[in-house]
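Fold and geometry: a report
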Amino acid sequence: MNVFSKLGSDMVALWAKYGSVYLGGIGRTLGLAIIATFIGCLIGFLCGILTTIPCAKTDNAVKKFFLGLLRVIIRIYVEVFRGTPMILQAVFIFYGLPYFTSNAFKFTNLWAVAITVVSVNTGAYMAESVRGGIISVDPGQNEGAMAIGMTHWQTMINVILPQAFRNIIPQIGNNYIINVKDTSVMFIIGFSDFFAVHKGVAGATYLYFPSATIEMVGYLTLTLVASFLLRLLEKKIEGKSNYELVQKDALTPTAGNYTLKDKPKNPNKDEEGLK
Amino acid sequence: MSETILEIKHLSKNFGNHEVLKDIDFTVNKGDVTTVIGASGSGKSTLLRCINLLEIPTSGSIIFHGQDVTGRGIKPSVYRSKVGMVFQSFNLFSNMTVLKNCMIGQIKVLKRSPADAHRNAMKYLDKVGMSEYIKALPRQLSGGQKQRVAIARALAMEPEVLLFDEPTSALDPEMVGEVLDVMDKLAHEGTTMIVVTHEMAFARDVSNHVVYMNSGVICEHGTPGEIFGHPQKKETQDFLSRFRKG
């Protein structure tokens, strides 16, 4: 018990002194995760939509060639960024770009590098999730839309993507939560996120575990709040489980729908009150 | 002699080496109710899907008002907007309410104003007896209700021909009646329809032209009286005798 009370009092002391520093770190982590997940989703949707453009045997050669090329490029992008560690991608972009171009290109803004690396990574994962979300929509939905003369893009925007989006909300949540945690590797380029704050504080105070515990609680709070909000979004998209019947004839209200505002003055003439 | 809407000429369809349709010929005039009957796997549904270009025919032509729609002259989406289709599995858009299902095609494809589309959707939902359910989502409806909405969705596009691909086969027996009643009503109003069905009573009593298909070819066709009364081919006799016993 002694250990825990010591831990508690150290944590309180740390928070009293460095609370604003921790909060700043949380803010940067949250900001990076939200922006990068959002941009990553846009990239993912774009790639997913482009790779599911139908290519019929009867299409002309130029269209077939460009669609094929597009698929190859997206394939390479996905494989490269999914298949290498984000920490090395950050190194390559931040240190490698000036190295290979003899300082002609370099990022000076840490936020720009961090957002780019995390977004592009998220995009690579989301590209596959979106493709999966699109092909998991019942093919009958596509046929139903084709049968009333809708084009591929009209069908995509109005019918398929709204349903695919619903299917991949859990994936978006997954990616966001991964991003909240994995943005900590951005310390390699000097981005001071929530985890970088811990390293600083622990280095200055030698209170390693109290600070780590604050980190644990902080990260868990961030992810739990995100999970909760995503559940709410899912429920909202799901829609109501019941529906109202719409009365065809406005003069025949359903039971209980009609209330007299005032008591009829003459109770023997009920009809007057109904006017 | 009424106006010819659709002419199918020498239509064939192969899936790989498998010949599903062989040299199909028939004509649909305005106001015709054509039923296509035959055993499962005889190519009935494929024929219907070819007519709507959901399957691209391997050879042959589909002439719609004198224009071959299998060629490059007309965009498939434009042609499909004039040829409605009702599916066995309904295929209502599950992310939209009943009303929106019946409006989306009118707004996006026919470029009607939302007010016009709404009025028109209500007209046809009323016709199929579903106007009370406009706020419901497809998953909240029974099979028969879904199919009636699907019919309203197709009708709202005001197509020249309406194709039905086994519209009652996925329904519980007690719901078949409500859908057949709607189709019966449409037939009597002069809607041009091609119906692939296993409902022999509908074929006999409502349609004016019956096509019997057997292993990818039209085995026999004629008026319901001819097909059901005096079938000429042995295959037709065998097929129909199974229904008489049952």
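Please refer to the structure placed before this passage.
Residues numbered from 1 in each chain as written. Chains lettered and ligands numbered in written order. Predicted model: local features only at pLDDT ≥ 70, side-chain atom pairs only at ≥ 80, totals over all residues. Heavy atoms only, no water.

**As for the pairing of strand E7 (residues 161-165) of chain B**
Residue and element names in this part refer to chain B. Which entries qualify depends on this criterion: Burial classification: accessible surface area is computed with a 1.4 Å probe over protein chains only, and a residue below 20% of its type maximum counts as buried, one above 50% as exposed, and the rest as partly exposed. Segments assigned H or I by DSSP are reported as helices when at least four residues long, segments assigned E as strands when at least two residues long, and all are numbered from the N terminus. In this scheme, strands are said to pair when DSSP sees at least two bridges between them.
Where burial is concerned, most of E7 is hidden: five out of the five residues are buried. For strand E6 (residues 83-86) and E7, the ladder comprises four bridges, and the chain directions are parallel. The partner of Gly-84 across the bridge, within E7, is Leu-162.

**Considerations on the interface of chain B and chain A**
Size of an interface: often given as the accessible area lost when the parts come together. Under the convention used in this document: Contact between two residues is taken to exist if any of their heavy atoms lie within 4.5 Å; hydrogens are not considered. The term buried area denotes the loss of accessible surface (1.4 Å probe radius) that occurs when two parts are joined, taken as the sum for both partners. Salt-bridge detection follows one rule: a side-chain nitrogen of Lys or Arg within 4 Å of a carboxyl oxygen of Asp or Glu. Polar contacts here mean pairs of N or O atoms no more than 3.5 Å apart (in protein, one a potential hydrogen donor and the other a potential acceptor; neighbouring residues in sequence count only if both atoms are side-chain atoms).
Contact with chain B, which involves 34 residues of that partner, is made by 27 residues of chain A. Between chain B and chain A the total buried area reaches about 2600 Å² when both faces are included, carbon and sulfur atoms providing 54% of it. Applying the counting rule to chain B against chain A returns one salt bridge. Between B:Arg49 and A:Glu143 there is a salt bridge whose closest N-O contact spans 2.6 Å. The interface formed by chain B and chain A contains eight residue pairs in polar contact (both at pLDDT 80 or more). For the side of chain B that touches chain A, the secondary-structure elements that each account for two or more residues are helix H2 (76-80), E6 and helix H3 (98-108) of chain B.

**Quick look at the pattern of salt bridges**
This structure, assessed with the given rule, holds 15 salt bridges over all chains. Across the pair A:Arg166 and A:Glu234 runs a salt bridge whose closest N-O atoms are separated by 3.8 Å. With a gap of 68 residues between them, A:Arg166 in helix H6 (residues 152-182) and A:Glu234 in helix H8 (residues 208-238) connect regions that are remote in the sequence. The exposure class assigned to A:Arg166 is partly exposed, which follows from its relative accessible area of 24%. As a salt-bridge pair, B:Glu7 and B:Lys9 come within 3.8 Å of each other at their nearest N and O atoms. A relative accessible area of 36% places B:Lys9 in the partly exposed class. Each member of the salt-bridge network shares a partner with another, and the members are A:Arg75, A:Glu79, A:Arg82, A:Glu128 and A:Arg131.

**Some words on the sheet that holds strand E1 (residues 4-15) of chain B**
Residue and element names in this part refer to chain B. In spatial order, the strands read E2-E1-E4-E5; together these four strands make up an open sheet with antiparallel pairing. Edge strands, defined here as strands with exactly one partner in the open sheet, are strand E2 (18-29) and strand E5 (67-68). Across two bridges, the pairing between strand E4 (residues 59-64) and E5 is antiparallel. By the bridge assignment for E5, Phe-64 is matched with Gln-67.

**Comments concerning the packing of aromatic side chains**
To keep things clear, this is the line we draw: Stacked, tilted and edge-to-face are the three classes applied to pairs of Phe, Tyr and Trp rings, where Trp contributes its six-membered ring and a pair requires centres within 6.5 Å; stacked means planes under 30 degrees apart, edge-to-face means over 60, and tilted covers the rest. Working rule: Lys NZ or Arg CZ, within 6 Å of ring centre, within 35 degrees of ring normal, means a charge sits over the ring.
For the structure on display, the rule yields 13 aromatic pairs over all chains. With a centroid separation of 5.7 Å and 10° between ring planes, the pair formed by A:Trp15 and A:Tyr22 is classed as stacked. You can call A:Tyr22 buried: its relative accessible area is 0%. For the pair A:Tyr77 and A:Phe81, a centre-to-centre distance of 5.5 Å together with 50° between the ring planes defines the contact as tilted. Taken together, the positions of A:Tyr77 and A:Phe81, both in helix H2 (residues 61-83) and four residues apart, correspond to about one turn of that helix. Among the aromatic side chains, those forming a connected cluster through ring pairs are A:Trp15, A:Tyr22, A:Phe194 and A:Tyr219. If you follow A:Lys199 out to its NZ or CZ, it ends over the ring of A:Phe187, 4.1 Å from the centre. When the ring centre of B:Phe93 is taken as reference, the NZ or CZ atom of B:Arg153 above it lies at 4.5 Å.

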